[in-house]
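# Report on the structure
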Amino acid sequence: MRSYDVYFSPLGELFIIEEDNYLIGLSFNKDENLILKGNDNKETELTRLVKRWLDSYFKRDIKEIDFLVKIEGSQFYKLVMNYIYQIPFGQTRTYKQVGDYIKLVTKKNVSYQSIGQALKHNKILLIYPCHRIISSHGLGGFNAGLDKKKWLLEFENN
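Read on for a plain summary of the structure. (Residues numbered from 1 in each chain as written. Predicted model: local features only at pLDDT ≥ 70, side-chain atom pairs only at ≥ 80, totals over all residues. Heavy atoms only, no water.)

Let's shift gears to the pairing of strand β3 (residues 22-27). Among the six residues of β3, five are classified as buried, and the element is accordingly described as predominantly covered. Looking at chain direction, strand β2 (residues 12-19) and β3 are connected through five bridges and run antiparallel. Opposite Glu 19, over in β3, you have Tyr 22 as the bridge partner. Counting the residues in the hairpin turn of β2 and β3 gives two residues, including Asp 20, whose phi is positive at 50°. (Buried < 20%, exposed > 50% of the residue type's maximum accessible area, 1.4 Å probe, protein only. Helix = DSSP H or I, 4+ residues; strand = E, 2+ residues; numbered from the N terminus. Pairing = 2+ DSSP bridges.)

Once that is clear, we can look at the packing of helix α3 (residues 95-106) against helix α4 (residues 112-120). For any two helices packed against each other, the geometry is given by the interaxial angle and the distance between the axes. It is the contact of α3 with α4, at a shortest axis distance of 9 Å, that shows an interaxial angle of 100°. In terms of orientation, α3 lies roughly perpendicular with respect to α4. Between α3, through Tyr 95, Lys 96, Val 98 and Gly 99, and α4, the contact on the second element is made entirely by Tyr 112, Ile 115, Gly 116 and Leu 119. Per-class residue counts for the contact of α3 with α4 are five nonpolar, two polar and one charged. (Axes fitted to C-alpha atoms, helices over the stretch in contact; angles between N-to-C directions. Parallel < 35°, antiparallel > 145°, perpendicular 65-115°, else oblique. Contact = heavy atoms within 4.5 Å. Nonpolar A, V, L, I, M, F, W, Y, C, P; charged D, E, K, R; others polar.)

In this section: the packing of aromatic side chains. Ring pairs (aromatic) are described by centroid distance and by the angle formed between their planes. Under the criterion given, the structure shown has 11 aromatic pairs. With centroids separated by 4.9 Å and ring planes inclined at 40°, the aromatic side chains of Tyr 83 and Tyr 101 adopt a geometry described as tilted. Separated by 18 residues along the polypeptide, Tyr 83 in helix α2 (residues 75-85) and Tyr 101 in helix α3 bring together distant segments of the chain. For the pair Trp 151 and Phe 155, a centre-to-centre distance of 5.0 Å together with 10° between the ring planes defines the contact as stacked. Placement of the pair is Trp 151 and Phe 155 together in helix α5 (residues 146-156), with a separation of four residues, close to one helical turn. A connected cluster of aromatic rings, assembled from ring pairs, spans Tyr 7, Trp 53, Tyr 57, Phe 58, Phe 89, Trp 151 and Phe 155. Directly above the aromatic system of Tyr 22 lies the positively charged group of Lys 70, at a separation of 5.3 Å from the ring centroid. When the ring centre of Phe 28 is taken as origin, the NZ or CZ atom of Lys 148, which lies over that ring, is 5.4 Å away. (Phe/Tyr/Trp six-rings, centres within 6.5 Å; stacked < 30°, edge-to-face > 60°. Lys NZ or Arg CZ within 6 Å of the ring centre and 35° of its normal.)

What follows is the structure in structure tokens.
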């Protein structure tokens, strides 16, 4: 069964979506979360743990996650998510660095556009910090909006 809860962050509402005690979504965009329709809005043990993690994140006191997360998608998508999960707070990486990692693992070249598409479909923001991936020529994109990406990068670097 799916349910959701809302966390009030400095950047606005963050929607926490869970299914069968797994976190499956953490997003600023309610409109993209069609999954919310017809599901319960309630606080659960999982959403309390996610909120506690978010509290620590916004205090710059990063903790290891102590809840279950479910990432669904292709092997390529999971490789990209695994890479960005490991980027430390306050640091950034480029699309090229992500591509180099994937080439090392798969022995195949990948386009920056395919990496961007995978990041665009990240459903668990902040925990999978796709905002930390930047272009060698600037910020790059962010599915929650460039204003939020800029804020998050500045927040993490101050």
